[in-house]
There are 2 protein chains.
Amino acid sequence: MQSLQAKASEWSGVKQDDAFAIDDTNLFQKLGLQTFINLSTNFYTRVYDDEEEWFRSIFANSKKEDAIQNQYEFFVQRMGGPPLYSQRRGHPALIARHRPFPVTHRAAERWLHHMQQALDGTTDIDTDSKVRMMNFFRHTAFFLVAGDELKSQNQQPQCKHGSSKPDSV
Amino acid sequence: MQSLQAKASEWSGVKQDDAFAIDDTNLFQKLGLQTFINLSTNFYTRVYDDEEEWFRSIFANSKKEDAIQNQYEFFVQRMGGPPLYSQRRGHPALIARHRPFPVTHRAAERWLHHMQQALDGTTDIDTDSKVRMMNFFRHTAFFLVAGDELKSQNQQPQCKHGSSKPDSV
């Protein structure tokens, strides 16, 4: 079975190294907390107002302010800042926490469309940081699409497990 | 629905703050790469030689050297060192990557038993670091037990989804 990260690279078109080039610099120190708060606020303002109802409805059971906090705390933690997310919620466990949502290829592309707009609409994010972040986001979005497909392994007609090769930590 | 991290705290007896006290100090800088390699080597040497076949068999499809590398690279990354794990494999996605394994309460306790022995048998790990790491490991083990239970939500007799409240990022 192709690994989650191999699927993510293939579907996103972003190589693993480019996706994790966010780690070659400390984006939190460069951009600061307020920029991450602004980015997530801009992003979810777009998402919750999305004219495409199929996408907007994915978030219908979550409060906008919670979605914003969850997102910027994760970004801050992952991009060199204090572990705000884990202090409050534990491990990110990205795939498991996206389990209730239909993370399709189409949903990934819509998410990325809004994130590109949000990045472009947030002041104080330089071009180099934008490129690093979009590569990370694009790879991660399709990593989650790959993770979403694991769910269907348990939805065979006879309720059998899919035969999944261990992908251990 | 109780959150993954709430279940982890309840079942492990380790509070969230104590579990993530690994972030109050930089354990990688304190202990160094070789100590983490030694720890994971000690741990998996015990696991692959476990006299309890039910536990040893969980790892039967993974190579011991791969298991060691996956583990110490994750520990190094999570405890203040370079992002070795993500550079090679992407997001840890702890719950999803443990999906092929039966992470029961009993398996968590057996894992922790071996880890305690491995910590005690690894030189150059001071008591304070051991306590922080065991709290993190204990909480995380039961976080994964909580994650394991998500699988059964898709294994109802009629193949219906469980009704899971979104637990978004």
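Rules behind the numbers
- Residues numbered from 1 in each chain as written.
- Chains lettered and ligands numbered in written order.
- Predicted model: local features only at pLDDT ≥ 70, side-chain atom pairs only at ≥ 80, totals over all residues.
- Heavy atoms only, no water.
- Helix = DSSP H or I, 4+ residues; strand = E, 2+ residues; numbered from the N terminus.
- Buried < 20%, exposed > 50% of the residue type's maximum accessible area, 1.4 Å probe, protein only.
- Salt bridge = Lys/Arg side-chain N within 4 Å of Asp/Glu carboxyl O.
- Contact = heavy atoms within 4.5 Å.
- Phe/Tyr/Trp six-rings, centres within 6.5 Å; stacked < 30°, edge-to-face > 60°.
- Lys NZ or Arg CZ within 6 Å of the ring centre and 35° of its normal.
- Polar contact = N/O pair within 3.5 Å; in protein donor to acceptor, adjacent residues only side chain to side chain.
- Axes fitted to C-alpha atoms, helices over the stretch in contact; angles between N-to-C directions.
- Parallel < 35°, antiparallel > 145°, perpendicular 65-115°, else oblique.
- Left-handed = near helix turned anticlockwise from the far one by under 90°.
- pLDDT = per-residue confidence, 0-100.

Section: the environment of B:A67
All names here are of chain B.
Then, in step 1: Along the chain, the position of A67 falls in helix α6 (residues 64-78).
Then, in step 2: On the accessibility criterion, A67 (2% relative accessible area) is buried.
Then, in step 3: Considering only alpha carbons, one finds A67 and L150, 83 residues apart in sequence, at a separation of 24 Å.

Details of the pattern of salt bridges
All names here are of chain A.
Then, in step 1: Summed over all chains, the structure comprises 20 salt bridges over all chains.
Then, in step 2: R110 serves as the salt-bridge partner of E52, at 3.4 Å between the closest nitrogen and oxygen. Here R110 lies in helix α9 (residues 105-120) and E52 lies in the loop between α4 (33-48) and α5 (53-56), a separation of 58 residues in the sequence.
Then, in step 3: You can call R110 buried: its relative accessible area is 14%.

As for the environment of A:K130
Residue and element names in this part refer to chain A.
Then, in step 1: Checked against the element boundaries, K130 lands in helix α10 (residues 127-152).
Then, in step 2: Here K130 falls in the buried class, since its relative accessible area comes to 19%.
Then, in step 3: On a C-alpha basis, the gap between K130 and L119 in space is 6.8 Å, while along the polypeptide they are 11 residues apart.
Then, in step 4: Look past the residues within four positions of K130 in its chain and what remains in contact with it is L119, D120 and I125.

Remarks on the packing of aromatic side chains
Centre distance and the angle of the planes are the two values used to describe a pair of aromatic rings.
Then, in step 1: Summed over all chains, the structure comprises 28 aromatic pairs over all chains.
Then, in step 2: Ring centres of A:F55 and A:F59 lie 5.3 Å apart, and the angle between their planes is 65°; this geometry places the pair in the edge-to-face category.
Then, in step 3: Note on A:F55: relative accessible area 1%, which makes it buried.
Then, in step 4: Here the aromatic rings of B:F43 and B:W111 are separated by 4.8 Å at their centres, their planes lie at 55°, and the arrangement is tilted. Linking B:F43 in helix α4 (residues 33-48) with B:W111 in helix α9 (residues 105-120), this pair joins segments that are 68 residues apart in sequence.
Then, in step 5: When its relative accessible area of 0% is taken as the criterion, B:F43 is described as buried.
Then, in step 6: In this arrangement the basic side chain of A:R106 is found over the ring face of A:W54, its NZ or CZ atom lying 3.9 Å from the centre.

Details of the side chain of B:Q77
Then, in step 1: Its place among the elements puts B:Q77 in helix α6.
Then, in step 2: Within the structure, B:Q77 has its side chain in polar contact with the backbone nitrogen of B:Y85 (distance 3.1 Å).

Topic: unusual backbone geometry
Then, in step 1: Backbone geometry places A:D124, a non-glycine residue, at a positive phi of 70°.
Then, in step 2: Note that A:D124 resides in the loop between α9 and α10.

Details of the packing of helix α1 (residues 4-12) of chain B against helix α10 (residues 127-152) of chain B
Residue and element names in this part refer to chain B.
Then, in step 1: Two numbers describe how α1 lies on α10: the axes approach to 8 Å, and their chain directions differ by 125°. Comparing their axes, α10 and α1 come out oblique. Here α1 and α10 pass one another in a crossing that is right-handed. The segment α1 lies against α10, with L4, Q5, K7, A8, S9, W11 and S12 engaging R138, H139, F142, F143, V145, A146, G147, E149 and L150.

With respect to the environment of B:N26
Residue and element names in this part refer to chain B.
Then, in step 1: As for its position among the elements, N26 is in the loop between α2 (16-19) and α3 (27-31).
Then, in step 2: Between the C-alpha atom of N26 and that of G80, which follows or precedes it by 54 residues, the distance is 5.2 Å.
Then, in step 3: Not counting residues within four places of it along the chain, the set of residues in contact with N26 comprises M79 and G80.
Then, in step 4: Separated by 3.1 Å, the side chain of N26 and the backbone nitrogen of F28 make a polar contact.
Then, in step 5: For N26, the side chain forms a polar contact with the main-chain nitrogen of Q29, separated by 2.9 Å.

Here we look at the confidence of the model for chain A
Residue and element names in this part refer to chain A.
Then, in step 1: Per-residue pLDDT for chain A averages 92, and the proportion of residues at 70 or more is 90%.
Then, in step 2: Every residue in residues 156-169 is under pLDDT 50, and counting partners more than four places away or in other chains gives 40 contacts.
Then, in step 3: Taken together, the chains of this predicted complex give a pTM of 0.90 and an interface ipTM of 0.88.

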